[in-house]
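Report on the structure
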Amino acid sequence: MAKTLFITGASTGIGAETARVAVDHGWNVALFARSAETLEEVAGDLGRAAMSLPGDVTDPEALVTAMERAAGHFGSLDAVFANAGTGLSTPGTEAGAIDEWRAMVDVNIMGLLYTARAALPHLRKSRGHLVLTGSAAGRRHIKGSIYGATKWFVHGYAGNMAEEMRDWGGRCTVVAPGMVDTPFFDDGAPDKLQPRDVADAVLHALNADPRNCVREIYLMPQN
Ligand code: NJP
């Protein structure tokens with residue numbers, strides 16, 4: 001039976017591309033993001049291997065319901081990719097609106113925790129895999145104090161989760177890309193990763209021999 005991967009932030013960028021690559025590798029995919037129409041288009045292109053489940057990662061119950069629907073539809077949930085994330089229009093601590101900081105923390109930190117919380121009962125059953133989108137900004141210091149700090153959180157969490165999940169045969173991976181060519185952010189740099197590069201990294205971790213856990217992938221463009 002094909003395995004099933006649940007992806008948050010699946011309407012565009014890294015999430016949508018990971019869905020395409022996962023289907024190429026024989027996975028079923030359940031796609032979660034707020035933009036229902038775009039999500040439906042991504043799923044529609046992937047046929048019966050995909051289902052779209054519109055929702056917001058800041059709503060813990062929406063994640064529980066969506067994962068139950070995905071597991072019911074495909075038979076199991078074998079991996080969850082907590083990838084939804086957002087940035088700030090004005091980086092740094094001195095500038096910017098507090099409401100925008102709060103919204104970003106809600107998505108990048110609380111949304112990731114809600115995703116993991118909803119995922120764990122399914123992953124325990126399947127001895128499955130939790131993959132998190134971190135960032136190069138969670139591995140080194142950048143001039144983006146608050147966004148970068150949310151990604152340091154993801155990296156700290158991932159390491160601890162890898163230890164916790166190991167007790168019952170589960171795996172946890174954090175993927176840390178540098179700049180990626182998606183709608184997320186344009187710094188004008190010519191040397192960017194493509195979403196496909198990150199998607200390939202996710203599938204590398206998922207397809208690794210179950211005796212091993214790829215705990216972290218730190219991926220930078222090479223130019
Ligand atoms: O960007 P984008 P990426 N509830 O904007 C979704 C990290 N990263 O693929 O809800 C549910 O194409 C949003 O969908 P929608 C970054 O921090 C990036 O580059 O429909 N979903 C969309 O599908 C993030 O964690 C770079 O608006 C929500 C997706 O999130 C991840 O990569 C570098 C949501 C964002 O897709 C994917 O970003 C790096 C919510 N409340 C790390 N809010 C980079 N691009 O340079 C947003 O190191 N989404």
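The chain goes by Short-chain dehydrogenase in an unreviewed UniProt entry, where it is assigned to Brevirhabdus pacifica. We quote the UniProt Sequence similarities (unreviewed entry) comment for the chain here in full: "Belongs to the short-chain dehydrogenases/reductases (SDR) family."

Thoughts on the packing of helix 1 (residues 13–24) against helix 6 (residues 195–207)
Contact pair helix 1 / helix 6: the axes reach a minimum separation of 8 Å and the direction vectors enclose 55°. Here helix 1 lies oblique to helix 6, going by the angle between them. Here helix 1 and helix 6 pass one another in a crossing that is right-handed. On the side of helix 1, the interface is formed by G13, I14, E17, T18, V21 and A22, while helix 6 contributes P195, R196, V198, A199, D200, V202 and L203. Looking at side-chain class alone, the contact of helix 1 with helix 6 contains eight nonpolar, two polar and three charged residues.

Observations concerning the side chain of T133
Residue position: T133 is located in strand 5 (residues 129–133). Look at T133 and you get buried, because its relative accessible area is 7%. Of the polar contacts made by the side chain of T133, one reaches the side chain of N83; its length is 2.7 Å. Other than its neighbours up to four places away in sequence, T133 contacts F81, A82, N83, K151, V154 and V175.

Side note on the nonpolar core
Residues L5, I7, V29, L31 and L206 are the most contacted members of the largest nonpolar core, which totals 35 residues. Secondary-structure elements contributing two or more residues to this core are strand 1 (4–8), helix 1, strand 2 (28–32), helix 2 (36–46), strand 4 (79–82) and helix 6. For this core, the element with the highest residue contribution is helix 6, accounting for seven residues. Excluding anything up to four places from it in sequence, L206 contacts L5, W27, A79, H129, V131 and R171. Counting residues in hydrophobic clusters, the runner-up holds 32 residues, among them F6, A30, A118 and C172.

Things to note about the packing of aromatic side chains
What characterises a pair of aromatic rings is the spacing of the ring centres plus the angle enclosed by the ring planes. On inspection of all chains with the given rule, the structure shows three aromatic pairs. For the pair Y147 and F184, a centre-to-centre distance of 5.7 Å together with 50° between the ring planes defines the contact as tilted. In this pair, Y147 is assigned in helix 5 (residues 145–166) and F184 in the loop between strand 6 (171–177) and helix 6, connecting sequence segments 37 residues apart. On the accessibility criterion, Y147 (19% relative accessible area) is buried. On the basis of relative accessible area, F184 is assigned to the partly exposed category, the value being 40%. Between F153 and Y157 the ring centres are 6.0 Å apart and the planes differ by 10°, which places this aromatic pair in the stacked class. Placement of both F153 and Y157 in helix 5 is noted, with a separation of four residues, approximately one turn of the helix. The partly exposed category is assigned to F153, whose relative accessible area is 29%.

Definitions and cut-offs
- Residues numbered from 1 in each chain as written.
- Predicted model: local features only at pLDDT ≥ 70, side-chain atom pairs only at ≥ 80, totals over all residues.
- Heavy atoms only, no water.
- UniProt positions renumbered as here; feature names shortened; annotations may be inferred.
- Axes fitted to C-alpha atoms, helices over the stretch in contact; angles between N-to-C directions.
- Helix = DSSP H or I, 4+ residues; strand = E, 2+ residues; numbered from the N terminus.
- Parallel < 35°, antiparallel > 145°, perpendicular 65-115°, else oblique.
- Left-handed = near helix turned anticlockwise from the far one by under 90°.
- Contact = heavy atoms within 4.5 Å.
- Nonpolar A, V, L, I, M, F, W, Y, C, P; charged D, E, K, R; others polar.
- Buried < 20%, exposed > 50% of the residue type's maximum accessible area, 1.4 Å probe, protein only.
- Polar contact = N/O pair within 3.5 Å; in protein donor to acceptor, adjacent residues only side chain to side chain.
- Core = buried A, V, L, I, M, F, W, Y, C linked by side-chain atoms within 4.5 Å.
- Phe/Tyr/Trp six-rings, centres within 6.5 Å; stacked < 30°, edge-to-face > 60°.

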